[in-house]
Amino acid sequence: MKTYDVVVIGAGSVGTILSYWLAQRGLRTAVVERNASVGRGEHRAAIGGIRATHSDPAKIKIGLRSLEFVRRLKPEFGFDVDYVEGGYLFPAYQEAIAAKLKNLLDAQKVHGLEIDWIGPEEVMELVPGIREEGLLGGTYSPRDGHLSPLKLASASYQMALAAGVDFYFHTTVTGFSVEHGRVAAVKTDGPTFSTRMVVNAAGSNAREIGLLLGTDLPVVPDAHEAGVTEPVERFFYPMVVDIEPTAESENYYFYQDPEGSVIFCITPKPKRLGATKASTSEFLPMVVPRLLRLCPRLRYLRVRRVWRGMYPGTPDDRPIVGFDGNVEGVFHAVGMCGQGLMLGPGLGQLVADRLVGATRPEDEEVFELLSPYREFTAKELLR
Amino acid sequence: MEFSFNGQRMLGQAGEMLASALIANGITAFSRHRHDGAPQGIFCANGQCAQCTVLVNGLPVKSCITPLEEGMAVETLQGLPNLPHTAPELPTHPPRELRCDVLVVGAGPSGIRAAVELGQLGFSVIVADDKGKPGGKLVLQTHKFFGSVEDCFAGTRGHQIAEILGEELRESPSVTLMANTTVAAIFSDGVAALFEENHRFTYVRFRGLIVAAGARERSLVFPGNDLPGVFGAGAFQTLVNRDLIKASERVLIVGCGNVGLIAAYHALQAGITVVGLVDIAPEVTGYKVHADKIKRMGVPLYLRHTVISAEGEGKVERATIAPVDEAGRPLLEEAKTFTVDTVLIAVGLASVDEYFADAQEFGFAVVKTGDADEIAEASSAMLGGRIAGRKMARMLGMDVSVPEEWQRKMDILKSRPGRVSLRPQPEITREFRPVFHCVQEIPCDPCTTVCQFGSIKLSGETGTIMDLPEFDGRCIACGLCVAVCPGLAITLARLSEKAGMAEVVLPLEFALELAPGSAVTVCDREGGVLGRGTVVQKRYFRKYNTHLVTVEVPAAWAPLAAGIRVQEPAEVGPLPEAQFSFFPEDAVVCRCERITVREILEFARANPIHDLNQLKAIRVGMGACGGKTCNVLVPRVLIEAGVDPKSLAPASRRPLTVEIPMWAIGNQEEDGEAQ
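Thresholds, definitions, all that
Residues numbered from 1 in each chain as written. Chains lettered and ligands numbered in written order. Predicted model: local features only at pLDDT ≥ 70, side-chain atom pairs only at ≥ 80, totals over all residues. Heavy atoms only, no water. Helix = DSSP H or I, 4+ residues; strand = E, 2+ residues; numbered from the N terminus. Expected span 1.5 Å × (residues − 1). Bend = angle between axes of the 7 residues up to and from the residue. Buried < 20%, exposed > 50% of the residue type's maximum accessible area, 1.4 Å probe, protein only. Salt bridge = Lys/Arg side-chain N within 4 Å of Asp/Glu carboxyl O. Pairing = 2+ DSSP bridges. Domains from an automatic or database assignment. Contact = heavy atoms within 4.5 Å. Buried area = accessible area lost by both parts, 1.4 Å probe. Polar contact = N/O pair within 3.5 Å; in protein donor to acceptor, adjacent residues only side chain to side chain. Nonpolar A, V, L, I, M, F, W, Y, C, P; charged D, E, K, R; others polar. pLDDT = per-residue confidence, 0-100. Axes fitted to C-alpha atoms, helices over the stretch in contact; angles between N-to-C directions. Core = buried A, V, L, I, M, F, W, Y, C linked by side-chain atoms within 4.5 Å. Parallel < 35°, antiparallel > 145°, perpendicular 65-115°, else oblique. Left-handed = near helix turned anticlockwise from the far one by under 90°.

Q: Run through helix α8 (residues 340–355) of chain A, naming residues and quoting values.
A: Within an α-helix, residues lying three or four positions from one another point in the same direction, as the helix has 3.6 residues per turn. Residues and elements named next belong to chain A. Over its 16 residues, α8 runs only 19 Å from end to end, short of the ideal 22 Å by more than 12%, given 1.5 Å per residue. Along its length, α8 shows its largest kink, about 40°, at G346. For α8, a buried count of 15 out of 16 residues is recorded, marking the element as mostly surrounded by other parts of the structure. In the stretch just after α8, G357 is the one whose phi turns positive, near 70°.

Shown next, in the form of structure tokens:
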């Protein structure tokens, strides 16, 4: 039997960095992970965009906190995770899309986001070669950016290890012991962990973990596929998000990483539910025509590799963050809806504060909005 | 054909690959790596890595798989390429969809035989192969093959076997060969993606999959391993035997398995000096007949040695080897440096079986065969392919069996070399008789099939084609057994009329003049010099493309004389003093991203490693080749950082196998727009 103050389930986008913050606050912390190393669940599949320009106030707050932390990684902690403040660009070729994007601006600005509408010339300057015909402009948020998910995982792991966190890989949670309504131990296919506090940060497996406690969390993963090209000289910096839907897909997005590769992803329509993580034949014929229509010069780029990962989705596209109502001492930080990479760094700090009872007053709103026991009705306007 | 490289006018042959044309023009460094400007030259010559990348008309291409075209403007790629600013707006088309019962990946000996077997059983089969001609690596083999005459054309040269198999393929009505077509992915939804003729993205739906994708060459970690001039023995065979260019002047070969031994022989035939073969093992791992043949040519073998560095300005100019101690550590004080322009790596092959693993994971009907299943000779791959075809037919519901006979024969053909038995010297009389310099059990029987009197038979304990040949009966010195022997291990001998002299008939596969009366150096089986002999006669056997040289020698040599030396020892010795620096941590492990041993060890010390995927954070395996070369090297490197290689989770497999331009994925050329 191993004894810890807190056991985090999942060494992913949320759990790894959270474990660092918990150890920083003086808690003896273990991370239990079913895969062989950090970030091998869905984190590895993230393409690397990180932004605060959401439309939900809680996500904006967490996103700002994430960006602030990521900017500190190199100067303060010595980890270069290839963070580039390249901004996010949402171009519009249809009046309806332009109107939708413009409508969000006021709400986003209220929360302190730097975002504005820019004209077609500016869009073409940001993405040389983007189709000029019919371009109305777009919204641009220069303070968002991109980073390497692999380097962030590695940095988080090293920070957590240095802070004293113990990691248990190839270890799958099989159940819990509950005494007098409070969690007492985490059972696994390896050691049993005696603990009074558990964080469910199990990503696409969050629902299964919840069910072991008798809590049915509405987290349903859906699959997204992504691809990466050969590297070429840097020719654009922002993450470009085209939200104009077609018959078979919703939005798609792409950016160029510091190595020079263009990395791209698409949201298929309808959602592809199910657990398969292996690439399918539908992705490239779905995304490549859209990329080439938006930016014809991309045709010369060679696609190097493709992969598939899960968006652990929730009914209202917002994360589920808060204490479990059935079992005391259990906290859920799940349902990141494909945004674990960009929410994880900020969320880790908030959750660690919560678990030691030190939530700042201005963060209370986040926990109200993301409560596991909310209504799950209002959809986010722009994911 | 005229083309230009960095503005300089050059000439090449129609139909050859650009890389070969560049090497034939003396260019070894094609481009500069984007990270550190290191020169990049040919490495795999097989379209698998991307080290031979150059710019053609402003766009990066792999020169080893790009056919030369008249007027091509070829340039060095310095750093990263620039994406062209403008592009035509062309319509896109979805992949065309083909259907078949069985998709066979690879048209080598096993893939062809699997396809033909399935075709005979009435299945519709597509065979996709990335090369222009069927036959796989047989196309590159100019030597005569071992094995059995009945089952796998033993005694015939590899490229001729490729043609015979290609003909079998063409004659199978329900089998379609798609040449110049790379299988780029096996997707989980039951679709294979083909990159067809380098311009079209095509999907195939199949009921069963046969993976006959062959093997890739293993590489080696040593300082200087990244210099242009260090490449695989298979790459060398592609350049020399397929594209017929003299890729080197002087080579050192690392590895004394059959691949290294044969590469040495091919090099000698191409007029290239071979300064030696090196192997860390205490004994030759390839066939002894091959090794003996190489020794007779005058090539030294350095066993219990390893290569410790390759050095030079922008390309290999010298290489240094050293003996190793019991623990495999090099003894630097005994190092030897050779002047060479090429170091060939022949340290083994690794199965290309990723699609098998994918298909199994997805629950498809799948069989792997040939080198993709187990590294062995092409002879066994031919039978293996037939067996794979039958197995697939069964998986698809047909009631056929796999004859036990096939399995038994294949197991024999796969055999590792067996015992060495030194037989008593035969008595040489005034009548010609064959003398066998073949002393090790290997699966081989051509000599028994050509004697018109049936005077050569195999005899021994195994009762199979592993047994050694023996002569009993009549010999009229027709020379067929000498000409057919793949090991060049049969001679004819008789005492001549001149007292104390004898005549020996020796096989020769070199274009040497050897006029009657000229003197040659005659060697015994293992290359020991017997002395000078006088050429009496030279005959040419067209069918076997082999010369038979009759040499007059002292009678005492008659049972011993086995070959003619073609390379003098003075040409191949080391420099008087070793000349090298030794910084093993400088060795490059991931060639695409240029990650060194040092960087990997530093990362491993900061980041406990449980999973090869962790190393992607420093970009190991993230380059163009997708870890094809380094994934097998990294675990050994990590031992130094205290990592147990067995505890490592493997690097994940991801499509695509080759990089494909978006215009091809969108099939933008379908409307006839020229690239």
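Moving on, there is more to tell.
Q: I'd love a proper account of the pattern of salt bridges, names of residues and values included.
A: All names here are of chain B. Counted according to the given criterion, the structure contains 68 salt bridges over all chains. Its salt-bridge partner being R242, residue D243 comes within 2.7 Å of it at the nearest N-O pair. As a salt-bridge pair, E526 and K288 come within 2.6 Å of each other at their nearest N and O atoms. On the criterion of sequence distance, the pair formed by E526 in the loop between β30 (519–523) and β31 (529–541) and K288 in helix α7 (residues 288–296) is long-range, its members being 238 residues apart. Here E526 falls in the partly exposed class, since its relative accessible area comes to 36%. Counted as one network, the salt bridges with shared partners bring together E150, D151, E405, R408 and K409.

Q: Help me get a handle on the pairing of strand β22 (residues 342–345) of chain B, residues and values and all.
A: A regular strand carries its side chains on alternate faces of the sheet. All names here are of chain B. Neither face of β22 is left uncovered, since the one carrying T342 and L344 and the one carrying V343 and I345 both have all their residues buried. Where strand β15 (residues 230–232) and β22 come together, three bridges link them in parallel fashion. The residue of β22 that forms the bridge with V230 is V343. In the sheet, strand β16 (residues 250–254) pairs with β22 via four bridges, with the strands oriented parallel. Its bridge partner being in β22, V251 is matched across the sheet by T342.

Q: For unusual backbone geometry, give the residues involved together with the corresponding values.
A: Of the consecutive residues K269 of chain A and P270 of chain A, the connecting peptide bond is found in the cis state with omega at -5°. Tracing the backbone through its elements, the reader meets P270 of chain A in the loop between β17 (261–268) and β18 (272–273). The linkage connecting P655 of chain B with the following residue, L656 of chain B, adopts the cis geometry, with an omega of 0°. Topologically, L656 of chain B is positioned in the loop between α14 (634–639) and β36 (660–661). Here R304 of chain B, not a glycine, exhibits a phi torsion of approximately 55°, which is positive.

Q: Outline the domain arrangement of chain A, listing residues and values.
A: When the parts of a complex come together, some accessible area is lost, and that lost area is often used as the size of the interface. Residue and element names in this part refer to chain A. Domain boundaries assigned for chain A yield domain 1 (2–49 + 150–219 + 316–369) and domain 2 (85–142 + 220–313). Domain 1 and domain 2 are separated by 30 Å when their C-alpha centres are compared. The interface of domain 1 with domain 2 comprises 18 residues on the first partner and 19 residues on the second. When domain 1 packs against domain 2, the two sides together hide about 1400 Å² of surface, and 59% of this comes from carbon and sulfur. Applying the counting rule to domain 1 against domain 2 returns one salt bridge. Two residues, E42 and K277, come together in a salt bridge whose shortest N-O distance is 3.0 Å. One can count six residue pairs in polar contact (both at pLDDT 80 or more) joining domain 1 with domain 2. When its residues are assigned to classes, the side of domain 1 that touches domain 2 shows seven nonpolar, seven polar and four charged.

Q: Explain the environment of E132 of chain A to me, and be specific about the residues and the numbers.
A: Residue and element names in this part refer to chain A. Mapped onto the elements, E132 comes out in the loop between α4 (120–126) and β7 (137–141). Using a relative accessible area of 56% as the deciding quantity, one classes E132 as exposed. Distance in space between the C-alpha atoms of E132 and K102 is 20 Å, their sequence separation being 30 residues.

Q: Now, about the confidence of the model for chain B: what can you tell me, with residues and values included?
A: Low-confidence regions, as indicated by low pLDDT, have predicted coordinates that should not be scrutinised in detail. Overall, the predicted model of chain B reaches an average pLDDT of 95, with 99% of residues at or above 70. Here the prediction assigns the complex a pTM of 0.95, and the interface score ipTM is 0.96.

Q: Help me get a handle on the interface of chain A and chain B, residues and values and all.
A: Listed as interface residues are 44 residues of chain A and, on the opposing side, 60 residues of chain B. Summed over the three residues of chain A that lose the most area to chain B, namely R299, Y300 and R302 of chain A, the buried surface amounts to 17% of that side. For the interface between chain A and chain B, the tally reads four salt bridges. Between E259 of chain A and R619 of chain B there is a salt bridge whose closest N-O contact spans 3.5 Å. On inspection of chain A and its partner chain B, the count reaches 24 residue pairs in polar contact (both at pLDDT 80 or more). Along the lines of polarity and charge, the residues of the side of chain A that touches chain B split into 23 nonpolar, eight polar and 13 charged. One ladder, built from two bridges, connects strand β19 (residues 302–313) of chain A with β36 of chain B; its direction is antiparallel. When the sheet's bridge partners are listed, V303 of chain A is paired in β36 of chain B with I660 of chain B.

Q: Please set out the sheet that holds strand β3 (residues 29–32) of chain A residue by residue, giving values where relevant.
A: Residues and elements named next belong to chain A. Strands sit in the order β9-β3-β2-β13-β21-β20 across an open sheet of six strands; the sheet is mixed. The sheet terminates laterally at β9 (166–168) and β20 (320–323), the two strands that pair on one side only. This sheet shows a mean twist of 20° between the axes of neighbouring strands, independent of strand direction. Looking at chain direction, strand β2 (residues 6–9) and β3 are connected through four bridges and run parallel. Its bridge partner being in β3, V7 is matched across the sheet by A30. Where α8 meets the sheet, its contacts fall on β13 (198–200), β20 and β21 (330–334), and the angle it forms with β21 comes to roughly 170°.

Q: Could you give an account of the nonpolar core, with specific residues and numbers?
A: Soluble globular proteins: nonpolar side chains tend toward being buried together. Residue and element names in this part refer to chain A. Within the largest apolar cluster, 75 residues are counted, with the highest numbers of intra-cluster contacts made by I47, F167 and V199. A domain split of this core shows at least three residues from each of domain 1 (2–49 + 150–219 + 316–369) and domain 2 (85–142 + 220–313). Setting aside its immediate chain neighbours within four residues, F167 contacts A11, T16, S19, V31, V38, Y157, A160 and L161.

Q: Lay out the side chain of S19 of chain A with the relevant residues and their values.
A: Within the fold, S19 of chain A resides in helix α1 (residues 15–24). S19 of chain A has contacts with T29, V31, A160, V165 and F167 of chain A, leaving out every residue within four places of it along the chain.

Q: With reference to specific residues and values, describe the packing of α1 of chain A against α8 of chain A.
A: All names here are of chain A. The contact between α1 and α8 brings their axes to 8 Å, and the two run at 40°. Taken together, the axis directions place α1 and α8 in an arrangement best described as oblique. Handedness of the crossing formed by α1 with α8: right-handed. Residues I17, L18, W21 and L22 of α1 touch α8, and the partners they reach there are G344, P345, G348, Q349, V351, A352 and L355. Considered class by class, the residues forming the contact of α1 with α8 number eight nonpolar, three polar and no charged.

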